Amino acid sequence: MSDSNDRSSHRLYPGRVLAGQKPRPPRYAHIVGWGMEVPEQVLTNRDLEAIVDTNDEWITTRTGIKERRIAAQHETTTTLATRAAQKALDVADILPSELDLIIVATATPEHIFPSTASLVQDRLGATNAGAFDLSAACSGFVYALDVAASKIRTGSVNTVLVIGAETLSRVVDWADRGTCILFGDGAGAVVLEGSSVPGGILSSVLRSDGTGWDLLTLPTVSSRDTYLQDGQHEMHRIYMDGRGVFRFATRVIGESIKEALEQVGLQPDDLDLVIPHQANQRIIVYAAKTLKIPEERVYSNVARYGNTSAASIPIALAEAAAEGRIKAGDIVAFVGFGGGLTWAAMVVEWTAVPSKQAYTLTRGRRKGEYALASVRRSVVRWWRRLMLLSPTTWIVAARRVLTQQRAQFRERRSELRERAQRVMEREGRSKSDRSADAEPSDKEARE
Ligand code: UT7
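Residues numbered from 1 in each chain as written. Predicted model: local features only at pLDDT ≥ 70, side-chain atom pairs only at ≥ 80, totals over all residues.

1. Observations regarding the sheet that holds strand β7 (residues 185–195)
Rules: Note: two strands are recorded as paired if DSSP finds a minimum of 2 bridges between them. Secondary structure elements follow DSSP: runs of H or I of four or more residues count as helices, runs of E of two or more count as strands, with numbering from the N terminus. Angles shown run from 0 to 180 degrees and are taken between the N-to-C directions of axes, each axis being a line fitted to C-alpha atoms and, for helices, limited to the stretch in contact. For the purpose of contact definition, each residue receives a C-beta atom placed from its backbone, and two residues are in contact when these atoms lie within 7 Å.
With respect to topology, 5 strands assemble into an open sheet ordered β1-β7-β6-β4-β5, the strand pairing being mixed. At either margin of the open sheet sits one strand with a lone partner, and together these are β1 (28–37) and β5 (130–134). On average, each strand axis in the sheet is tilted by 20° relative to the strand beside it, whichever way the strands run. Both strand β4 (residues 101–105) and strand β6 (residues 159–167) contribute to a ladder of 5 bridges, which runs parallel. Across the sheet, valine 104 pairs through a bridge with isoleucine 163, a residue of β6. Its contacts with the sheet place helix α3 (residues 77–92) against β1, β4, β6 and β7, and it is angled at close to 125° to β1. Contacting β1, β4, β5, β6 and β7, helix α5 (residues 140–154) crosses the sheet at an angle of about 160° to β4.

2. As for unusual backbone geometry
Generally, phi is negative for residues other than glycine and the peptide bonds are trans, each holding for most cases. Short version of the rule: Exposure is read from a count of other C-beta atoms within 10 Å of each residue's own; the residue is exposed at 12 or fewer, buried at 20 or more and partly exposed in between. C-beta atoms are placed from the backbone.
A cis geometry characterises the amide bond from phenylalanine 113 onward to proline 114, with omega recorded as 5°. On the secondary structure map, proline 114 appears in the loop between β4 and α4 (116–124). The omega torsion across glycine 340 and leucine 341 is -5°, close enough to zero to call that bond cis. Phi at alanine 137 is positive, roughly 50°, even though this residue is not glycine. Locating alanine 137 in the fold gives a position in the loop between β5 and α5. Looking at alanine 137, the number of C-beta atoms within 10 Å reads 23, which means it is buried. The backbone of histidine 236 sits at a positive phi, close to 60°, despite the residue not being glycine.

3. Details of the site of the ligand
Short version of the rule: The criterion for a residue being near a molecule or strand is simple: its C-beta atom, placed using the backbone, must lie within 6 Å of it.
The local shell around the ligand holds 21 residues, among which Thr54, Arg177, Gly242, Ala279 and Asn280 are the closest. If you list the elements that add at least two residues to the shell around the ligand, you get α2 (56–63) and α7 (242–262). Of all the elements, α7 adds the most residues to the shell around the ligand, at 5 residues.

4. Side note on the environment of isoleucine 315
Topologically, isoleucine 315 is positioned in helix α10 (residues 312–322). Remark: the alpha-carbon pair of isoleucine 315 and glycine 164, spanning 151 residues in sequence, is separated by 8.4 Å. Look past the residues within four positions of isoleucine 315 in its chain and what remains in contact with it is Met36, Gly186, Gly188, Tyr305 and Thr308.

5. A few points about α7
In plain terms, the rule: Expected span of a helix: the number of residues minus one, times 1.5 Å.
With 21 residues, α7 extends 30 Å from end C-alpha to end C-alpha; this agrees with the ideal 30 Å at 1.5 Å per step. Among the residues making up α7, those that are buried are Val245, Phe248, Ala249, Val252, Ile253, Ser256, Ile257, Ala260 and Leu261.

6. Digging into the sheet that holds strand β12 (residues 331–338)
The sheet built from 4 strands is open, its strands ordered β8-β13-β12-β11 with mixed pairing. For this open sheet the edge positions go to β8 (200–208) and β11 (273–276), each flanked by a neighbour on one side alone. On average, each strand axis in the sheet is tilted by 15° relative to the strand beside it, whichever way the strands run. Direction of pairing for β8 relative to strand β13 (residues 342–349): antiparallel, over a ladder of 8 bridges.

7. Considering the domain arrangement of the protein
The criterion, for reference: These domain limits were set by an automatic method or by a database of domain assignments. Asp, Glu, Lys and Arg are counted as charged, while Ala, Val, Leu, Ile, Met, Phe, Trp, Tyr, Cys and Pro are counted as nonpolar; the rest, among them Gly, fall into the polar class.
Its domain assignment divides the protein into domain 1 (28–357) and domain 2 (363–413). A C-alpha centroid distance of 42 Å is found between domain 1 and domain 2. With 9 residues of domain 1 at the interface, the matching set in domain 2 holds 9 residues. Mapped onto the side of domain 1 that touches domain 2, the elements with two or more residues apiece are α3 and α4. The element that contributes the greatest number of residues to the side of domain 1 that touches domain 2 is α4, accounting for 3 residues. Grouping the constituent residues of the side of domain 1 that touches domain 2 by class yields 4 nonpolar, 2 polar and 3 charged.

8. Remarks on helix α8 (residues 281–291)
What counts is decided by this rule: In this description, the arc belongs to the directions extending from the helix axis to the C-beta atoms.
Three or more residues of α8 are buried, namely Ile283, Ile284, Ala287, Ala288 and Leu291. Along the axis of α8, the buried residues cluster in a sector spanning 145°; they form a single face. Turning to α8, the residues buried within the fold contact α7, β11 and α9 (302–305). Backbone geometry just downstream of α8 places lysine 292 in the positive-phi region, at approximately 55°.

Take a look at the structure:
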(Lines give C-alpha, C1' and ligand atoms only; values in the text may rest on other atoms or scores of the structure.)
Protein backbone atom coordinates (compact mmCIF):
# COMPACT_ATOMS: atom_id res chain seq x y z
CA MET A 1 0.00 0.00 0.00
CA SER A 2 1.41 3.45 -0.92
CA ASP A 3 1.89 6.13 1.75
CA SER A 4 -0.90 8.28 0.26
CA ASN A 5 -3.34 5.36 0.65
CA ASP A 6 -2.28 4.60 4.19
CA ARG A 7 -5.13 6.08 6.24
CA SER A 8 -3.15 6.14 9.47
CA SER A 9 0.27 7.34 8.23
CA HIS A 10 -0.40 10.90 9.49
CA ARG A 11 -0.90 9.59 13.03
CA LEU A 12 2.15 7.36 13.21
CA TYR A 13 5.65 8.14 14.32
CA PRO A 14 7.85 6.53 11.64
CA GLY A 15 9.71 3.69 13.33
CA ARG A 16 13.18 2.54 12.38
CA VAL A 17 13.68 -0.30 9.92
CA LEU A 18 15.80 -2.70 11.96
CA ALA A 19 18.61 -4.71 10.42
CA GLY A 20 16.75 -7.98 11.07
CA GLN A 21 13.56 -6.74 9.33
CA LYS A 22 14.22 -8.00 5.83
CA PRO A 23 11.41 -7.70 3.27
CA ARG A 24 9.73 -11.09 3.09
CA PRO A 25 8.46 -12.80 -0.06
CA PRO A 26 4.65 -13.29 -0.05
CA ARG A 27 3.46 -16.31 1.94
CA TYR A 28 0.36 -18.39 1.25
CA ALA A 29 -1.49 -20.53 3.79
CA HIS A 30 -2.30 -24.02 2.48
CA ILE A 31 -4.47 -26.73 4.04
CA VAL A 32 -2.16 -29.75 4.09
CA GLY A 33 -3.88 -32.08 6.58
CA TRP A 34 -7.36 -32.86 7.84
CA GLY A 35 -9.04 -35.27 10.23
CA MET A 36 -12.20 -35.86 12.22
CA GLU A 37 -13.35 -37.76 15.27
CA VAL A 38 -16.87 -38.47 16.47
CA PRO A 39 -18.02 -40.52 19.48
CA GLU A 40 -19.23 -44.06 18.80
CA GLN A 41 -22.54 -43.66 20.60
CA VAL A 42 -25.36 -42.90 18.13
CA LEU A 43 -28.62 -41.20 19.15
CA THR A 44 -31.30 -41.67 16.50
CA ASN A 45 -34.53 -39.72 15.99
CA ARG A 46 -36.39 -42.79 17.24
CA ASP A 47 -34.30 -42.73 20.46
CA LEU A 48 -35.31 -39.08 20.92
CA GLU A 49 -38.99 -40.02 20.76
CA ALA A 50 -38.48 -41.61 24.18
CA ILE A 51 -36.94 -38.42 25.60
CA VAL A 52 -39.16 -35.58 24.30
CA ASP A 53 -42.47 -35.17 22.49
CA THR A 54 -41.13 -35.47 18.95
CA ASN A 55 -41.06 -37.89 16.03
CA ASP A 56 -38.70 -39.01 13.28
CA GLU A 57 -40.91 -37.51 10.59
CA TRP A 58 -40.91 -33.99 12.10
CA ILE A 59 -37.13 -33.99 12.70
CA THR A 60 -36.36 -35.35 9.22
CA THR A 61 -38.57 -32.96 7.28
CA ARG A 62 -37.72 -29.84 9.33
CA THR A 63 -33.98 -30.43 9.76
CA GLY A 64 -32.77 -33.35 7.63
CA ILE A 65 -31.15 -34.87 10.72
CA LYS A 66 -31.50 -38.64 11.23
CA GLU A 67 -28.93 -39.24 13.97
CA ARG A 68 -26.20 -37.55 15.99
CA ARG A 69 -23.20 -38.73 18.06
CA ILE A 70 -23.10 -38.40 21.84
CA ALA A 71 -19.87 -38.35 23.86
CA ALA A 72 -19.36 -41.20 26.33
CA GLN A 73 -18.46 -40.42 29.94
CA HIS A 74 -14.71 -40.63 29.25
CA GLU A 75 -14.87 -38.44 26.14
CA THR A 76 -14.39 -34.68 26.35
CA THR A 77 -13.94 -31.79 23.95
CA THR A 78 -10.18 -32.22 24.49
CA THR A 79 -10.05 -35.95 23.76
CA LEU A 80 -12.14 -35.58 20.58
CA ALA A 81 -10.04 -32.59 19.48
CA THR A 82 -6.81 -34.49 20.13
CA ARG A 83 -7.88 -37.52 18.07
CA ALA A 84 -9.01 -35.31 15.16
CA ALA A 85 -5.69 -33.43 15.38
CA GLN A 86 -3.65 -36.65 15.31
CA LYS A 87 -5.44 -37.73 12.14
CA ALA A 88 -4.83 -34.31 10.54
CA LEU A 89 -1.13 -34.52 11.47
CA ASP A 90 -0.98 -37.98 9.85
CA VAL A 91 -2.39 -36.65 6.57
CA ALA A 92 -0.11 -33.59 6.69
CA ASP A 93 2.82 -35.83 7.66
CA ILE A 94 3.91 -33.32 10.29
CA LEU A 95 5.31 -33.92 13.76
CA PRO A 96 3.57 -32.29 16.75
CA SER A 97 6.87 -30.61 17.64
CA GLU A 98 6.78 -28.83 14.26
CA LEU A 99 3.58 -26.94 15.11
CA ASP A 100 3.92 -23.21 15.84
CA LEU A 101 0.36 -22.56 16.93
CA ILE A 102 -2.81 -24.42 17.94
CA ILE A 103 -6.22 -22.75 17.82
CA VAL A 104 -9.33 -24.53 19.07
CA ALA A 105 -12.70 -23.08 18.12
CA THR A 106 -15.23 -24.29 20.67
CA ALA A 107 -18.33 -23.26 22.56
CA THR A 108 -17.99 -26.19 24.97
CA PRO A 109 -14.53 -25.97 26.53
CA GLU A 110 -14.00 -27.95 29.72
CA HIS A 111 -12.68 -24.84 31.43
CA ILE A 112 -12.85 -21.10 30.79
CA PHE A 113 -9.15 -21.46 31.44
CA PRO A 114 -6.94 -23.34 30.75
CA SER A 115 -7.90 -23.30 27.10
CA THR A 116 -8.80 -26.55 25.36
CA ALA A 117 -5.98 -25.68 22.95
CA SER A 118 -3.43 -25.85 25.79
CA LEU A 119 -4.73 -29.27 26.85
CA VAL A 120 -4.49 -30.50 23.24
CA GLN A 121 -0.98 -29.02 22.96
CA ASP A 122 0.06 -31.02 26.04
CA ARG A 123 -1.51 -34.27 24.82
CA LEU A 124 0.11 -33.98 21.40
CA GLY A 125 3.50 -33.00 22.82
CA ALA A 126 3.51 -29.89 20.62
CA THR A 127 6.24 -28.33 22.72
CA ASN A 128 7.02 -25.46 20.35
CA ALA A 129 3.44 -24.26 19.86
CA GLY A 130 1.42 -21.39 21.29
CA ALA A 131 -2.21 -22.28 22.01
CA PHE A 132 -5.51 -20.50 22.52
CA ASP A 133 -9.26 -21.04 22.18
CA LEU A 134 -11.43 -18.94 19.92
CA SER A 135 -15.06 -18.21 20.72
CA ALA A 136 -17.34 -17.41 17.78
CA ALA A 137 -19.93 -20.20 18.24
CA CYS A 138 -20.74 -22.02 14.98
CA SER A 139 -18.64 -19.55 12.94
CA GLY A 140 -15.62 -20.30 15.16
CA PHE A 141 -13.80 -22.66 12.80
CA VAL A 142 -13.81 -20.21 9.87
CA TYR A 143 -12.75 -17.37 12.20
CA ALA A 144 -9.91 -19.54 13.52
CA LEU A 145 -8.79 -20.51 10.00
CA ASP A 146 -8.68 -16.83 9.06
CA VAL A 147 -6.58 -15.92 12.12
CA ALA A 148 -4.19 -18.79 11.39
CA ALA A 149 -3.87 -17.89 7.69
CA SER A 150 -3.25 -14.23 8.54
CA LYS A 151 -0.44 -15.16 10.94
CA ILE A 152 1.11 -17.41 8.30
CA ARG A 153 0.98 -14.61 5.74
CA THR A 154 2.85 -12.24 8.07
CA GLY A 155 5.58 -14.86 8.39
CA SER A 156 5.34 -14.96 12.20
CA VAL A 157 4.35 -18.65 12.14
CA ASN A 158 4.54 -21.38 9.53
CA THR A 159 2.59 -24.41 10.73
CA VAL A 160 -0.76 -24.10 12.50
CA LEU A 161 -3.26 -26.65 13.76
CA VAL A 162 -6.86 -25.40 13.67
CA ILE A 163 -9.52 -27.48 15.41
CA GLY A 164 -13.28 -27.19 15.82
CA ALA A 165 -14.46 -29.38 18.71
CA GLU A 166 -17.66 -29.66 20.73
CA THR A 167 -19.47 -31.75 23.34
CA LEU A 168 -22.82 -30.01 22.96
CA SER A 169 -24.72 -32.96 24.46
CA ARG A 170 -23.47 -31.72 27.86
CA VAL A 171 -25.08 -28.29 27.50
CA VAL A 172 -28.24 -29.20 25.62
CA ASP A 173 -31.56 -28.86 27.46
CA TRP A 174 -32.81 -32.43 27.10
CA ALA A 175 -36.33 -31.27 27.98
CA ASP A 176 -36.48 -28.73 25.10
CA ARG A 177 -37.60 -30.48 21.92
CA GLY A 178 -36.82 -27.34 19.91
CA THR A 179 -33.06 -27.68 20.51
CA CYS A 180 -32.15 -31.14 21.86
CA ILE A 181 -32.97 -32.81 18.54
CA LEU A 182 -30.46 -30.63 16.69
CA PHE A 183 -27.10 -30.93 18.38
CA GLY A 184 -24.35 -33.55 18.46
CA ASP A 185 -20.72 -34.03 19.53
CA GLY A 186 -17.52 -34.30 17.48
CA ALA A 187 -14.31 -32.65 16.33
CA GLY A 188 -12.54 -31.83 13.09
CA ALA A 189 -9.07 -30.47 12.50
CA VAL A 190 -6.88 -29.10 9.74
CA VAL A 191 -3.17 -28.36 9.49
CA LEU A 192 -2.19 -25.16 7.71
CA GLU A 193 1.29 -24.64 6.33
CA GLY A 194 2.98 -21.57 4.90
CA SER A 195 4.55 -21.67 1.44
CA SER A 196 5.65 -19.29 -1.31
CA VAL A 197 3.57 -21.39 -3.73
CA PRO A 198 0.36 -19.43 -4.53
CA GLY A 199 -3.01 -20.92 -3.56
CA GLY A 200 -4.56 -22.13 -0.34
CA ILE A 201 -6.69 -19.66 1.60
CA LEU A 202 -7.61 -16.89 -0.85
CA SER A 203 -10.08 -14.63 0.92
CA SER A 204 -12.41 -14.35 3.88
CA VAL A 205 -15.24 -12.32 5.35
CA LEU A 206 -15.79 -12.16 9.13
CA ARG A 207 -18.90 -10.42 10.48
CA SER A 208 -20.88 -9.98 13.69
CA ASP A 209 -24.22 -8.47 14.69
CA GLY A 210 -24.37 -8.34 18.47
CA THR A 211 -27.92 -6.95 18.42
CA GLY A 212 -29.01 -10.55 17.93
CA TRP A 213 -27.01 -11.88 20.91
CA ASP A 214 -30.09 -13.25 22.65
CA LEU A 215 -31.27 -15.40 19.72
CA LEU A 216 -28.77 -18.12 20.56
CA THR A 217 -27.12 -18.25 23.99
CA LEU A 218 -25.21 -20.49 26.36
CA PRO A 219 -24.93 -18.58 29.67
CA THR A 220 -21.84 -19.25 31.74
CA VAL A 221 -20.02 -18.14 34.89
CA SER A 222 -20.57 -14.39 34.86
CA SER A 223 -24.05 -14.23 33.30
CA ARG A 224 -26.33 -11.64 34.85
CA ASP A 225 -28.80 -13.03 37.38
CA THR A 226 -31.71 -11.10 35.87
CA TYR A 227 -31.12 -12.80 32.53
CA LEU A 228 -31.16 -16.20 34.20
CA GLN A 229 -34.26 -15.48 36.30
CA ASP A 230 -36.65 -15.09 33.36
CA GLY A 231 -37.60 -18.77 33.51
CA GLN A 232 -36.43 -19.33 29.94
CA HIS A 233 -32.67 -19.42 30.41
CA GLU A 234 -30.51 -21.61 32.56
CA MET A 235 -26.81 -21.63 33.37
CA HIS A 236 -24.82 -23.89 31.01
CA ARG A 237 -27.89 -24.65 28.84
CA ILE A 238 -28.37 -23.77 25.18
CA TYR A 239 -31.27 -21.51 24.37
CA MET A 240 -32.22 -20.79 20.76
CA ASP A 241 -34.90 -18.83 18.96
CA GLY A 242 -34.94 -21.25 16.03
CA ARG A 243 -36.99 -19.18 13.63
CA GLY A 244 -34.94 -16.04 14.29
CA VAL A 245 -31.67 -17.87 13.67
CA PHE A 246 -33.11 -19.56 10.57
CA ARG A 247 -34.05 -16.18 9.02
CA PHE A 248 -30.61 -14.72 9.86
CA ALA A 249 -28.76 -17.77 8.46
CA THR A 250 -30.57 -17.79 5.13
CA ARG A 251 -29.87 -14.05 4.72
CA VAL A 252 -26.10 -14.13 5.40
CA ILE A 253 -24.96 -17.38 3.75
CA GLY A 254 -25.24 -16.30 0.12
CA GLU A 255 -24.19 -12.67 0.79
CA SER A 256 -20.99 -13.56 2.62
CA ILE A 257 -19.85 -16.23 0.14
CA LYS A 258 -20.40 -13.82 -2.77
CA GLU A 259 -18.40 -11.14 -0.92
CA ALA A 260 -15.50 -13.53 -0.31
CA LEU A 261 -15.59 -14.61 -3.98
CA GLU A 262 -15.61 -10.98 -5.19
CA GLN A 263 -12.41 -10.28 -3.22
CA VAL A 264 -10.53 -12.62 -5.58
CA GLY A 265 -12.53 -11.93 -8.75
CA LEU A 266 -14.49 -15.21 -8.71
CA GLN A 267 -18.19 -15.99 -9.25
CA PRO A 268 -20.45 -18.54 -7.50
CA ASP A 269 -20.24 -20.59 -10.70
CA ASP A 270 -16.48 -21.02 -10.10
CA LEU A 271 -17.19 -22.93 -6.90
CA ASP A 272 -16.51 -26.66 -7.05
CA LEU A 273 -17.78 -27.27 -3.54
CA VAL A 274 -19.38 -25.28 -0.72
CA ILE A 275 -18.97 -26.65 2.79
CA PRO A 276 -21.51 -24.86 4.97
CA HIS A 277 -22.07 -25.11 8.70
CA GLN A 278 -24.28 -28.19 9.12
CA ALA A 279 -27.27 -26.78 10.99
CA ASN A 280 -30.30 -27.73 8.92
CA GLN A 281 -30.72 -29.36 5.50
CA ARG A 282 -33.26 -26.68 4.57
CA ILE A 283 -30.60 -23.98 5.13
CA ILE A 284 -28.10 -25.98 3.06
CA VAL A 285 -30.57 -26.30 0.17
CA TYR A 286 -31.34 -22.58 0.47
CA ALA A 287 -27.60 -21.79 0.15
CA ALA A 288 -27.45 -23.66 -3.18
CA LYS A 289 -30.52 -21.76 -4.38
CA THR A 290 -29.17 -18.28 -3.53
CA LEU A 291 -25.79 -19.05 -5.08
CA LYS A 292 -27.57 -20.55 -8.13
CA ILE A 293 -25.39 -23.68 -8.04
CA PRO A 294 -26.54 -27.32 -8.15
CA GLU A 295 -27.32 -28.86 -4.74
CA GLU A 296 -24.62 -31.53 -5.32
CA ARG A 297 -22.03 -28.76 -5.04
CA VAL A 298 -23.09 -28.02 -1.45
CA TYR A 299 -21.75 -30.68 0.92
CA SER A 300 -24.05 -32.10 3.56
CA ASN A 301 -23.62 -34.69 6.31
CA VAL A 302 -26.13 -33.12 8.70
CA ALA A 303 -28.25 -36.31 8.51
CA ARG A 304 -25.51 -38.31 10.29
CA TYR A 305 -24.09 -35.87 12.83
CA GLY A 306 -26.66 -33.10 13.36
CA ASN A 307 -25.34 -29.70 14.32
CA THR A 308 -21.87 -29.95 15.89
CA SER A 309 -21.35 -26.16 15.98
CA ALA A 310 -17.67 -25.21 15.48
CA ALA A 311 -16.83 -28.82 14.58
CA SER A 312 -19.33 -29.18 11.74
CA ILE A 313 -17.29 -27.58 8.91
CA PRO A 314 -13.99 -29.42 9.64
CA ILE A 315 -15.87 -32.73 10.06
CA ALA A 316 -17.61 -32.15 6.71
CA LEU A 317 -14.31 -31.10 5.13
CA ALA A 318 -12.54 -34.26 6.32
CA GLU A 319 -15.37 -36.45 5.01
CA ALA A 320 -15.54 -34.59 1.67
CA ALA A 321 -11.78 -35.04 1.23
CA ALA A 322 -11.96 -38.74 2.18
CA GLU A 323 -14.82 -39.26 -0.31
CA GLY A 324 -12.76 -37.64 -3.10
CA ARG A 325 -15.21 -34.75 -3.37
CA ILE A 326 -12.30 -32.26 -3.36
CA LYS A 327 -9.30 -32.48 -5.69
CA ALA A 328 -6.22 -30.32 -6.27
CA GLY A 329 -7.11 -27.09 -8.08
CA ASP A 330 -10.73 -26.99 -6.83
CA ILE A 331 -12.25 -23.78 -5.50
CA VAL A 332 -13.95 -24.51 -2.20
CA ALA A 333 -15.97 -22.17 0.05
CA PHE A 334 -16.66 -22.51 3.77
CA VAL A 335 -19.46 -20.61 5.47
CA GLY A 336 -20.33 -20.57 9.16
CA PHE A 337 -23.11 -18.79 11.07
CA GLY A 338 -24.41 -18.85 14.61
CA GLY A 339 -24.33 -17.32 18.08
CA GLY A 340 -23.16 -13.76 18.40
CA LEU A 341 -24.70 -13.39 15.97
CA THR A 342 -21.61 -14.16 13.93
CA TRP A 343 -21.00 -15.34 10.41
CA ALA A 344 -17.92 -15.98 8.30
CA ALA A 345 -17.15 -17.10 4.76
CA MET A 346 -13.87 -18.19 3.20
CA VAL A 347 -12.70 -19.13 -0.30
CA VAL A 348 -9.90 -21.66 -0.67
CA GLU A 349 -7.99 -23.02 -3.62
CA TRP A 350 -7.38 -26.67 -2.74
CA THR A 351 -3.70 -27.49 -3.20
CA ALA A 352 -3.05 -30.52 -1.02
CA VAL A 353 -1.58 -33.66 -2.51
CA PRO A 354 -0.96 -35.97 0.49
CA SER A 355 2.06 -38.25 0.16
CA LYS A 356 1.47 -41.82 1.38
CA GLN A 357 5.16 -42.77 1.45
CA ALA A 358 6.27 -39.93 3.73
CA TYR A 359 3.29 -40.65 5.95
CA THR A 360 4.53 -44.14 6.80
CA LEU A 361 8.08 -42.91 7.35
CA THR A 362 7.24 -40.41 10.07
CA ARG A 363 4.26 -42.17 11.64
CA GLY A 364 6.47 -43.88 14.19
CA ARG A 365 8.11 -40.60 15.17
CA ARG A 366 4.71 -39.02 15.73
CA LYS A 367 3.69 -41.95 17.93
CA GLY A 368 7.00 -41.53 19.81
CA GLU A 369 6.22 -37.87 20.45
CA TYR A 370 2.74 -38.75 21.78
CA ALA A 371 4.26 -41.37 24.12
CA LEU A 372 6.91 -38.91 25.27
CA ALA A 373 4.21 -36.32 25.87
CA SER A 374 2.32 -38.60 28.26
CA VAL A 375 5.50 -39.47 30.22
CA ARG A 376 6.57 -35.81 30.30
CA ARG A 377 3.11 -34.78 31.56
CA SER A 378 3.42 -36.78 34.79
CA VAL A 379 7.14 -36.14 35.34
CA VAL A 380 6.86 -32.38 34.76
CA ARG A 381 3.77 -32.09 36.93
CA TRP A 382 5.54 -33.87 39.82
CA TRP A 383 8.66 -31.81 39.40
CA ARG A 384 6.62 -28.58 39.27
CA ARG A 385 4.85 -29.51 42.49
CA LEU A 386 8.23 -29.85 44.18
CA MET A 387 9.59 -26.68 42.64
CA LEU A 388 6.50 -24.67 43.54
CA LEU A 389 7.40 -24.96 47.20
CA SER A 390 8.81 -21.58 48.34
CA PRO A 391 12.20 -21.44 50.18
CA THR A 392 10.34 -20.88 53.48
CA THR A 393 8.16 -23.95 52.78
CA TRP A 394 11.31 -25.91 51.96
CA ILE A 395 12.94 -24.80 55.29
CA VAL A 396 9.79 -25.52 57.30
CA ALA A 397 9.44 -28.92 55.61
CA ALA A 398 13.12 -29.72 56.18
CA ARG A 399 12.85 -28.67 59.87
CA ARG A 400 9.76 -30.80 60.28
CA VAL A 401 11.58 -33.82 58.83
CA LEU A 402 14.61 -33.17 61.05
CA THR A 403 12.48 -32.75 64.17
CA GLN A 404 10.57 -35.93 63.36
CA GLN A 405 13.80 -37.83 62.81
CA ARG A 406 15.32 -36.45 66.01
CA ALA A 407 12.20 -37.46 67.96
CA GLN A 408 12.32 -40.94 66.40
CA PHE A 409 16.01 -41.20 67.24
CA ARG A 410 15.38 -40.19 70.88
CA GLU A 411 12.52 -42.62 71.17
CA ARG A 412 14.64 -45.42 69.75
CA ARG A 413 17.57 -44.50 72.01
CA SER A 414 15.47 -44.57 75.17
CA GLU A 415 13.93 -47.84 74.00
CA LEU A 416 17.40 -49.34 73.58
CA ARG A 417 18.50 -47.97 76.94
CA GLU A 418 15.49 -49.49 78.66
CA ARG A 419 16.14 -52.80 76.97
CA ALA A 420 19.82 -52.70 77.96
CA GLN A 421 18.82 -51.83 81.51
CA ARG A 422 16.42 -54.76 81.62
CA VAL A 423 19.08 -57.13 80.26
CA MET A 424 21.62 -55.87 82.78
CA GLU A 425 19.15 -56.18 85.60
CA ARG A 426 18.24 -59.69 84.51
CA GLU A 427 21.89 -60.68 84.20
CA GLY A 428 22.70 -59.03 87.55
CA ARG A 429 19.91 -60.95 89.21
CA SER A 430 20.90 -64.32 87.78
CA LYS A 431 24.56 -63.69 88.68
CA SER A 432 23.66 -62.99 92.28
CA ASP A 433 21.44 -66.09 92.30
CA ARG A 434 24.26 -68.20 90.92
CA SER A 435 26.76 -66.85 93.39
CA ALA A 436 24.26 -67.45 96.16
CA ASP A 437 24.06 -71.13 95.12
CA ALA A 438 27.83 -71.56 94.71
CA GLU A 439 29.25 -69.69 97.77
CA PRO A 440 28.84 -71.49 101.20
CA SER A 441 27.63 -69.42 104.11
CA ASP A 442 30.18 -68.24 106.75
CA LYS A 443 28.78 -70.74 109.13
CA GLU A 444 29.14 -73.61 106.63
CA ALA A 445 32.66 -72.54 105.86
CA ARG A 446 33.72 -72.46 109.46
CA GLU A 447 32.27 -75.90 110.00
O1 UT7 B 1 -25.88 -23.68 14.80
C2 UT7 B 1 -26.52 -22.49 15.06
C3 UT7 B 1 -27.43 -22.15 14.00
N4 UT7 B 1 -28.71 -22.76 14.27
C5 UT7 B 1 -29.58 -22.90 13.28
O6 UT7 B 1 -29.26 -22.60 12.16
C7 UT7 B 1 -30.96 -23.35 13.58
C8 UT7 B 1 -31.94 -22.59 12.73
N9 UT7 B 1 -33.30 -22.96 12.98
C10 UT7 B 1 -33.84 -24.12 12.58
O11 UT7 B 1 -33.15 -24.98 12.04
C12 UT7 B 1 -35.31 -24.31 12.75
O13 UT7 B 1 -35.89 -23.11 13.17
C14 UT7 B 1 -35.69 -25.43 13.76
C15 UT7 B 1 -35.32 -26.78 13.19
C16 UT7 B 1 -34.97 -25.23 15.07
C17 UT7 B 1 -37.17 -25.42 14.03
O18 UT7 B 1 -37.86 -25.57 12.80
P19 UT7 B 1 -39.08 -24.60 12.45
O20 UT7 B 1 -39.62 -25.06 11.19
O21 UT7 B 1 -38.58 -23.21 12.55
O22 UT7 B 1 -40.11 -24.93 13.61
P23 UT7 B 1 -40.76 -23.95 14.65
O24 UT7 B 1 -39.81 -23.62 15.72
O25 UT7 B 1 -41.40 -22.82 13.92
O26 UT7 B 1 -41.92 -24.87 15.25
C27 UT7 B 1 -43.01 -25.33 14.46
C28 UT7 B 1 -43.86 -26.25 15.30
C29 UT7 B 1 -44.23 -25.68 16.64
O30 UT7 B 1 -45.53 -26.07 16.96
P31 UT7 B 1 -46.76 -25.05 16.77
O32 UT7 B 1 -46.45 -23.90 17.65
O33 UT7 B 1 -46.77 -24.72 15.34
O34 UT7 B 1 -47.92 -25.87 17.22
C35 UT7 B 1 -43.28 -26.35 17.57
O36 UT7 B 1 -43.77 -26.42 18.89
O37 UT7 B 1 -43.15 -27.46 15.55
C38 UT7 B 1 -43.14 -27.70 16.95
N39 UT7 B 1 -41.89 -28.35 17.28
C40 UT7 B 1 -41.75 -29.68 17.27
N41 UT7 B 1 -42.60 -30.69 16.99
C42 UT7 B 1 -42.09 -31.94 17.06
C43 UT7 B 1 -40.72 -27.79 17.63
N44 UT7 B 1 -39.78 -28.71 17.84
C45 UT7 B 1 -40.41 -29.90 17.62
C46 UT7 B 1 -39.94 -31.23 17.67
N47 UT7 B 1 -40.82 -32.21 17.37
N48 UT7 B 1 -38.68 -31.54 17.99
